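# Observations on chain architecture
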Amino acid sequence: QVQLVESGGGLVQPGGSLRLSCTASGNIFSTVSMGWYRQVPGKPRELVARGYTWDITTYSDSVKGRFALSRDNAKNTVYLQMNSLKPEDTAVYYCNVDLIEQRGGSPRLYWGQGTQVSVSS
């Protein structure tokens, strides 16, 4: 069994910064990718940033230059540094991890419980 624990959400003023973190624990042989999605009511969940084991990171166009994804592979932890936050960044942010639980197994996708990020003056 694998669990994802997220932290770091909250309320911040426009132009401010927040750092989200997500740690995966449990039966983990290796991680394929780790990243973040976000969702606002009435809209589909969208990619924010995703980092792959082979050192490729993709970002949504709306966050490029403002957000930065980093990983601590030894700790199975992914971070999202969010700078120059805008009101339109307000959403529930979900950690997403694609991992292999046992040698020879297939990748499986896990989601965190979500953490609220609110950007408002």
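Above this text you will find the structure in question.
The rules we used
- Residues numbered from 1 in each chain as written.
- Predicted model: local features only at pLDDT ≥ 70, side-chain atom pairs only at ≥ 80, totals over all residues.
- Heavy atoms only, no water.
- Salt bridge = Lys/Arg side-chain N within 4 Å of Asp/Glu carboxyl O.
- Helix = DSSP H or I, 4+ residues; strand = E, 2+ residues; numbered from the N terminus.
- Buried < 20%, exposed > 50% of the residue type's maximum accessible area, 1.4 Å probe, protein only.
- Core = buried A, V, L, I, M, F, W, Y, C linked by side-chain atoms within 4.5 Å.
- Disulfide = S-S within 2.5 Å.

### Some thoughts on the pattern of salt bridges
A complete count under the given rule lists five salt bridges for this structure. The salt bridge partner of Asp-89 is Arg-38, with a shortest N-O separation of 3.0 Å. With Asp-89 in the loop between strand E8 (77-82) and strand E9 (91-100) and Arg-38 in strand E4 (residues 30-39), this pair connects stretches of sequence that are 51 residues apart. Across this residue pair, the class does not change: Asp-89 and Arg-38 are buried. For Asp-89, the salt bridge is made with Arg-66, and the minimal N-O distance between the two is 2.8 Å. Placement of the pair is Asp-89 in the loop between E8 and E9 and Arg-66 in the loop between strand E6 (57-59) and strand E7 (67-72), with a sequence separation of 23 residues. Looking at Asp-89, the relative accessible area reads 1%, which means it is buried. Among the charged side chains, a salt-bridge network with shared partners connects Arg-38, Glu-46, Arg-66 and Asp-89.

### Notes on the nonpolar core
Buried together is how nonpolar side chains tend to be arranged in soluble globular proteins. In terms of nonpolar packing, the biggest core is built from 26 residues, with Leu-4, Trp-36, Val-48, Phe-67, Leu-80, Met-82 and Tyr-93 touching the most fellow members. Mapped onto this core, the elements with two or more residues apiece are strand E1 (2-7), strand E3 (18-26), E4, strand E5 (46-52), E7, E8, E9 and strand E11 (115-119). Counting residues per element, this core draws most heavily on E9, which supplies five residues.

### Considering the state of the cysteines
Simply put, disulfide is the name for a covalent bond between the sulfur atoms of two cysteines. One pass over the structure, following the stated rule, counts one disulfide. In this model, Cys-22 is linked to Cys-95 through a disulfide, with the two sulfur atoms separated by 2.0 Å. Here the disulfide of Cys-22 and Cys-95 is left-handed, its torsion about the S-S bond being about -80 degrees. Here Cys-22, found in strand E3, pairs with Cys-95, found in strand E9; they are 73 residues apart in sequence, far enough to count as distant. Judged by its relative accessible area of 0%, Cys-95 falls in the buried class.

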